[in-house]
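# Observations on the model geometry
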Amino acid sequence: MTKVFLNKKMNERIAGGHPWIFGNELQPIPPDSIKAGSLVEVYTIDKKWIGIGYFNPKSQIAVRLLTRKKEPVDAHFFYKRILDAWQYRQKLGYYENCRLVFGEADELPALIIDKFNDYFVIQTLALGTDVWKAAIVDALEKIFKPKGIYERNDVPVRELEGLTQQKGFLSAPFETEIIIRENGLQFYVDIENGQKTGYFLDQQHNRSAIAPIVKQAKVLGAFTYTGTFEIHAAHYGATSVKGIDISESAIQQAKRNAALNHLENICHFEVANAFDVLKQWAKEEQKFDVVMLDPPAFTKSRQNIQNALNGYKEINLRGMKLVANGGFLVTSSCTNLVNAQQFLQTIEWAAKDARKKIRQVTFQTQSNDHPIIRGLENTEYLKFLIVEVRDK
């Protein structure tokens, strides 16, 4: 195994356990001397052991550390790591649906595996991970004997690693629209064409958190996608639920999900641009007991963080204006580059400009199957907030 060396004293980030080593942190490596995607041993500038990781000179992250131990990294290594991840989820009470592997948080950098009961969706987001895809599939076959495994590598981040975007079966073909259970409800999951891996597992605990505030409530949900929050609201006792999303296909799926749970008479979904209609409905002084906002990530670039914050302020200001006095705003951000402090501050500014008083009911992160490792910023990305909204 080829050895690579840091070009200066090990910084606090690497010493503290962060698995990423950037290209400018390594001593010069002769071109083509190490095959991209292969394993390397990493040492400090004074030749002290750091660990073993994937190497890719085409990526800004030149090495992603897999282990700090002197141990074989082979097919059994991946089997053991995936088994450890599954045993951890079982300790937390996950048996049917969960994020089985959450990349760096499970010491498998750039690997995502979502478990939808007996079906699995994989993302290998770095070249070094992609090299071991067959071993990863083999491990899933041995541990779970799944009904199907699907690859959702149709994501632009792979191109930064010199990889192509692709998707398809990693097992015998199967029907890619499945039904899962969550919090006593059922939902269609489109593994092949849905966003990300087909379903947002990271909000499953947050969806149950709305139960106390939606009873006998008139509810609005914006950026509804396939209607999961809205259908939960109806299930928990809302008298009427309106959901809006800009995607026609998402709205059709939301309607099917409502019908699947016999809640189509309470849930009503329509195609609309949330930014436009929230502003218009506020002018019309429409009111709802609960307004829920669950937008997609607003930026993946550090240069656009301020624009993302402006977007969050805008939609939350509009949302608060639609909340009846004493009602509730449910709001989320999955933008990794916007931290919790920035998000909460933005909500406060939105309340000030909307001339509203707010008080926090709950603030949570992603579900427990997406573990957070302090110091690994990309593992702590979801912000979920419920506030009571009152007139000043």
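That block above? That's the structure.
Note that the structure is predicted; figures quoted are calculated from it, not measured. (Residues numbered from 1 in each chain as written. Predicted model: local features only at pLDDT ≥ 70, side-chain atom pairs only at ≥ 80, totals over all residues. Heavy atoms only, no water.)

This next bit is on the sheet that holds strand S18 (residues 356–364). In spatial order, the strands read S15-S14-S13-S16-S17-S19-S18; together these seven strands make up an open sheet with mixed pairing. Here the strands that pair on one side only, and so sit at the sheet edges, are strand S15 (267–271) and S18. In this sheet, neighbouring strand axes are inclined to one another by 20° on average, regardless of whether the strands run parallel or antiparallel. Bridging between strand S13 (residues 218–222) and strand S16 (residues 288–293) involves four bridges; their strand directions are parallel. Considered in S16, the bridge of alanine 222 is made with leucine 293. Against the sheet, helix H9 (residues 305–321) engages S16, strand S17 (323–333), S18 and strand S19 (383–391), with an angle of about 155° to S17. (Pairing = 2+ DSSP bridges. Helix = DSSP H or I, 4+ residues; strand = E, 2+ residues; numbered from the N terminus. Axes fitted to C-alpha atoms, helices over the stretch in contact; angles between N-to-C directions. Contact = heavy atoms within 4.5 Å.)

For the rest of this paragraph, the subject is helix H6 (residues 228–235). For an α-helix, 3.6 residues make a turn, and residues three or four places apart therefore share a direction. Across the eight residues of H6, seven count as buried, placing the element largely inside the fold. Here H6 has its buried residues at Thr228, Phe229, Glu230, Ile231, His232, Ala233 and Ala234. Just downstream of H6 lies glycine 237, where phi reads positive at about 115°. (Buried < 20%, exposed > 50% of the residue type's maximum accessible area, 1.4 Å probe, protein only.)

Remember that side chains alternate between the two faces of the sheet whenever the strand is regular. The element S13 is extensively covered by neighbouring structure, given that four of its five residues are classed as buried. Across five bridges, the pairing between S13 and strand S14 (residues 240–245) is parallel. Note on S14: the bridge partner recorded for alanine 222 is isoleucine 244. Assessed by its sense of winding, the connection that carries the chain from S13 through H6 to S14 is right-handed. (Right-handed = clockwise from strand over helix to strand, strands pointing away.)

A positive phi is found at alanine 110, a non-glycine position, where the angle reads about 65°. Position of alanine 110 among the secondary structure elements: in the loop between strand S6 (97–102) and strand S7 (111–116). Look at alanine 110 and you get buried, because its relative accessible area is 9%. Positive phi outside glycine occurs at glutamate 285, with the angle close to 60°. Looking at the secondary structure, you find glutamate 285 in the loop between helix H8 (274–283) and S16. Overall, glutamate 285 belongs to the exposed group, its relative accessible area being 64%.

In the structure shown here, the tally under the stated rule is 19 aromatic pairs. For the pair tyrosine 43 and tryptophan 49, a centre-to-centre distance of 5.6 Å together with 80° between the ring planes defines the contact as edge-to-face. The exposure class assigned to tyrosine 43 is buried, which follows from its relative accessible area of 11%. A relative accessible area of 23% means that tryptophan 49 is categorised as partly exposed. Ring geometry for tryptophan 86 and phenylalanine 144: centres 5.2 Å apart, planes at 65°, overall edge-to-face. Of this pair, tryptophan 86 sits in helix H2 (residues 75–91) while phenylalanine 144 sits in helix H4 (residues 133–144), and the two are 58 residues apart along the sequence. Pairwise contacts between aromatic rings join Phe223, Phe275, Phe298, Tyr312 and Phe343 into one cluster. Its guanidinium or amino end placed over the ring of phenylalanine 5, lysine 47 lies 5.5 Å from that ring's centre, counting from NZ or CZ. When the ring centre of tyrosine 188 is taken as reference, the NZ or CZ atom of arginine 256 above it lies at 4.0 Å. (Phe/Tyr/Trp six-rings, centres within 6.5 Å; stacked < 30°, edge-to-face > 60°. Lys NZ or Arg CZ within 6 Å of the ring centre and 35° of its normal.)

Looking now at the nonpolar core. Grouped together as the largest cluster of nonpolar side chains are 38 residues, with contacts concentrated most on Phe116, Ile191, Ile210, Val219 and Val290. At four residues, the largest contribution of residues to this core is made by H6. Apart from the residues lying within four places of it in its own chain, the contact partners of phenylalanine 116 are Glu96, Asn97, Val121, Ile178, Ile180, Val189, Ile191, Thr197, Tyr199 and Leu201. (Core = buried A, V, L, I, M, F, W, Y, C linked by side-chain atoms within 4.5 Å.)

Between the first and last C-alpha of H4 there are 16 Å, a value that for 12 residues agrees with the 16 Å anticipated at 1.5 Å per step. For H4, the set of buried residues is Lys133, Ala135, Ile136, Val137, Ala139, Leu140, Ile143 and Phe144. Just beyond H4, the residue with positive phi is lysine 145, at close to 50°. (Expected span 1.5 Å × (residues − 1).)

So, about the sheet that holds strand S8 (residues 119–124). One open sheet accounts for five strands, arranged S6-S7-S8-S9-S10; its pairing is mixed. A strand with exactly one partner marks an edge of an open sheet, and here the two such strands are S6 and strand S10 (166–169). Neighbour-to-neighbour, the strand axes of this sheet turn through a mean angle of 15°, independent of strand direction. Bridge analysis of S8 against strand S9 (residues 148–153) gives four bridges, and the strand direction is parallel. Across the sheet, valine 121 pairs through a bridge with tyrosine 150, a residue of S9. Most of the contacts of H2 go to S6, to which it runs at about 140°, and overall it touches S6 and S7. Running at roughly 160° to S8, H4 makes contact with S6, S7, S8, S9 and S10 of the sheet.

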